[in-house]
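# Structural overview for review
Listed below, chain by chain, are the residues.
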Amino acid sequence: MSSAPLGAGLVGCGAFGAYVLDAVAGLPGLGIRAVADADTHRAAPLGARHGAAVCDGLDALLARADVDVVVIATPPHTHADLAVRALRGGRHVFCEKPLALTAEDARRVGDEARRSGKALAVDHVLRHNPLLRALERLMAEGLLERPRRFLFENDAADEDLGPDHWFWDPARSGGIFVEHGVHFFDAAEALLGAAPATVRATAVRRRGGPVDMVVADVVHESGALATHLHSFTHAHRAERQLMRLDHGFAESVITGWIPTRATVTAWTDDDGAARWERLPLRAAELLDVAGFEPSGDERVTVRVERGAGGSAPASGRGVSRTVPHRVEAVVDLGGEAAKARVYTQSVRAAFADLMHSAATGSAPVAGAAAGISSVAVAEAAARAATSGTERHVAARQGGTP
Ligand SMILES: NC(=O)c1ccc[n+]([C@@H]2O[C@H](COP(=O)([O-])OP(=O)(O)OC[C@H]3O[C@@H](n4cnc5c(N)ncnc54)[C@H](O)[C@@H]3O)[C@@H](O)[C@H]2O)c1
C-alpha cells in the first residue's frame, strides 16, 4: 500500500455519516479533511470532533485538493449522482448502501468508476463480518456445501423512524428492499456463490400508513432459493433476526443482523470429523478480515459425537453419504454484547478495503458489481410486489427489467 496519507471528505453528516467517520478515524494512512452537509449546522459539530473543515456540499469538497476519497452518507436517492460527480472529479468513492435506487443508475456509477480508474466501494458491512467470512471459508474448503436454501427473517425496529422520515418514502429511499434489503441480497449472493435470477415478492402496508413489511423469494442461478423478510414494526428491545443456511447435510444458524454468533450442525465422515475437531486451533485464520481488529473474545468451539447416526448410508435429494458423526460447532464473536463493536469494525474493514483498492488498483470486496447486483434484485423485488408476477433480475445491461 502507498505510504502517502489519503484525505477523506464526507458528504452527509447525519446519523450514519457520523458513525462511519468515527469508525474509520485512526485508520493508518487516512486523514479526515472535510465534512459537508446541505445543513451546515449538522456538519459543524462533526467537523469540530474530527478537526476537519466544514463545507456545504459536494462541490466545496471537490474544490479541496486535500480530499482524495469522498464518503457518501446522504439519503439513497442522492447516491448515484453524487458518486458520479465525485468520480468525475477524480476522487475515490466510499458509498453508503444502496449504490443507487435503480439498477440503471447503479450501472451508471459502475461505468464512471471504470472510466475514471478510481476505486469505488459500497458499504455492505456484512461482507466484512468475520463470522460470515468464516462460513465462506468453510464452504471453499468443502467442509460445508454451498447452501441450497437461504433464509433471513428480520424483525427490525421502527422506533426511530418517525412518519416523516425519508425511509418511508420510496422516492427517496427506494423502499425497504432497496434501502435495507440490499445488505442481505448481497450477502446471499456471496454465501450462495451464485447470482440472483428471478424473484417473487409481497409487500404489506400498515393500516393507513406506508409499506412496513416485505418478503421476497429469490431463485439464484445455482437453483438455491433465498427468502428475505423485513418487517420494520418493532421496538428496539424487541428487535430480532435469524439467518439460516441449509447446506443439505449441515445447517448454519446465525443470529443478529450484524452477525455475532453462528451454530453449525453437520453430519460428516471420519475425515470430516477430524477436520472439524481441528477448527478451534484455526480460529484466528478462519475469522481473519483485513482491517477488522479482533477483540480477543472470539471463540470457535466444536463438539463431535462419533457414530451418532450409525454407519448405514444416509441420503437426501438423491445423494447418498456415509456420515455417521454429528458435529456441533459454535463460532462466537462475543454474542449480542459484541454487536456495536463488530458493526464498527466491519465499517472500518470496508473502508480499509477501499483504501487498499485505491492504492493497488485491486477490486474491492464489495464494489460496483455488488452494488449493481444487489440493487437489481431489490428493484426487481419491488416491481414483483407491485405487479404480483415473477420478475427476472436485470443486473447485467440488457436484462429483462
Ligand atoms: N451501512 C449501514 O449499515 C448503514 C446503516 C444506516 C444507514 N446507512 C445509510 O446511510 C445513509 C445515510 O443515512 P442516515 O440515517 O445517516 O440519514 P440522515 O437523514 O440521518 O442523514 C443524511 C444527511 O445528508 C444530508 N444531505 C441530504 N442530501 C444532501 C446533499 N445532496 N448534499 C449534502 N448533504 C445532504 C442531510 O442534511 C442529512 O444531514 C443512507 O443511505 C442509509 O441507507 C447505512
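Residues numbered from 1 in each chain as written. Predicted model: local features only at pLDDT ≥ 70, side-chain atom pairs only at ≥ 80, totals over all residues.

Moving on, we come to the overall build of the protein chain. In terms of regular secondary structure, the protein chain is built from 12 helices and 18 strands. Relative to the globule expectation of 21 Å for 401 residues, the C-alpha radius of gyration of the protein chain, 22 Å, shows essentially globular dimensions. For the protein chain, the C-alpha atoms occupy an extent of roughly 70 × 50 × 40 Å along the three principal directions. Among the 401 residues that make up the protein chain, the fraction classed as buried is 48%. Put simply, 69% of the contacts in the protein chain that link residues at least 6 apart link residues at least 24 apart. (Helix = DSSP H or I, 4+ residues; strand = E, 2+ residues; numbered from the N terminus. Rg over C-alpha atoms; globule rule 2.2 N^0.38 Å. Buried ≥ 20, exposed ≤ 12 C-beta atoms within 10 Å, placed from the backbone. Contact = placed C-beta atoms within 7 Å.)

Let's shift gears to the site of the ligand. Taken together, 23 residues surround the ligand, and among them Gly 12, Gly 14, Phe 16, Ala 38 and Glu 96 come closest. Across the shell around the ligand, the residue classes tally to 10 nonpolar, six polar and seven charged. (Near = placed C-beta within 6 Å. Nonpolar A, V, L, I, M, F, W, Y, C, P; charged D, E, K, R; others polar.)

In this section: the pairing of strand β11 (residues 240-246). The pairing of strand β7 (residues 149-157) with β11 spans seven bridges and is antiparallel. Counterpart to Phe 150 in the pairing with β11 is Leu 245. Looking at chain direction, β11 and strand β12 (residues 250-255) are connected through five bridges and run antiparallel. Residue pairing across strands places Leu 242 opposite Thr 255, the latter belonging to β12. Count of turn residues in the β11/β12 antiparallel hairpin: three residues, of which Gly 248 carries a positive phi of about 85 degrees. (Pairing = 2+ DSSP bridges.)

Between helix α6 (residues 130-140) and helix α8 (residues 176-192), the shortest axis-to-axis distance is 9 Å and the interhelical angle comes to 25 degrees. Classified by the angle their axes make, α6 and α8 are roughly parallel. From α6, Leu 132, Leu 135 and Glu 136 reach across to α8, where they touch Ala 187, Ala 190 and Leu 191. Here the contact of α6 with α8 is composed, by residue class, of five nonpolar, no polar and one charged. (Axes fitted to C-alpha atoms, helices over the stretch in contact; angles between N-to-C directions. Parallel < 35°, antiparallel > 145°, perpendicular 65-115°, else oblique.)

You can see Ala 235 is positioned in the loop between β10 (225-234) and β11. Between the C-alpha atom of Ala 235 and that of Asp 155, which follows or precedes it by 80 residues, the distance is 9.5 Å. Dropping the residues within four chain positions of it, Ala 235 is found in contact with Ala 157 and Glu 159.

A few words on the domain arrangement of the protein chain. Domain boundaries in the protein chain define domain 1 (6-125 + 346-364) and domain 2 (127-337). Relative placement of domain 1 and domain 2: their C-alpha centres are 28 Å apart. Every contact between the two is made by 14 residues of domain 1 and, on the other side, 17 residues of domain 2. (Domains from an automatic or database assignment.)

Turning our attention to the sheet that holds β11. Strands sit in the order β14-β17-β13-β12-β11-β7-β10-β9-β8-β18 across an open sheet of 10 strands; the sheet is mixed. At either end of the open sheet lies a strand with only one pairing partner, and these are β14 (299-305) and β18 (391-392). Sheet analysis places strand β8 (residues 196-205) next to strand β9 (residues 211-220), joined by nine bridges and oriented antiparallel. Residue pairing for β9: Arg 205 is matched across the bridge by Val 211. Packing of α8 onto the sheet brings it into contact with β7, β8, β9, β10 and β11, and relative to β10 it is tilted by some 145 degrees.

All right, on to the nonpolar core then. One finds Ala 83, Leu 120, Val 375 and Ala 381 to be the most contacted residues of the largest nonpolar core, which totals 124 residues. No other element matches helix α12 (residues 368-387), which puts 12 residues into this core. Each of domain 1 (6-125 + 346-364) and domain 2 (127-337) contributes no fewer than three residues to this core. Apart from the residues within four sequence positions on either side, Ala 381 is in contact with Phe 177, Gly 181, Val 199, Ala 201 and Ala 216. (Core = buried A, V, L, I, M, F, W, Y, C linked by C-beta atoms within 7 Å.)

On to unusual backbone geometry, then. A cis amide bond links Lys 97 with the next residue in sequence, Pro 98, at an omega value of -10 degrees. Inspection of the secondary structure puts Pro 98 in the loop between β5 (92-95) and α5 (103-116). If you check the backbone angles, Arg 317 has positive phi at about 50 degrees while not being a glycine. On the secondary structure map, Arg 317 appears in the loop between β15 (314-316) and β16 (319-321).

Inspection of the secondary structure puts Val 393 in the segment after β18. Its 27 C-beta neighbours within 10 Å are what place Val 393 among the buried residues. Residues Val 393 and Gly 51, 342 residues apart in the sequence, show an inter-C-alpha distance of 44 Å.

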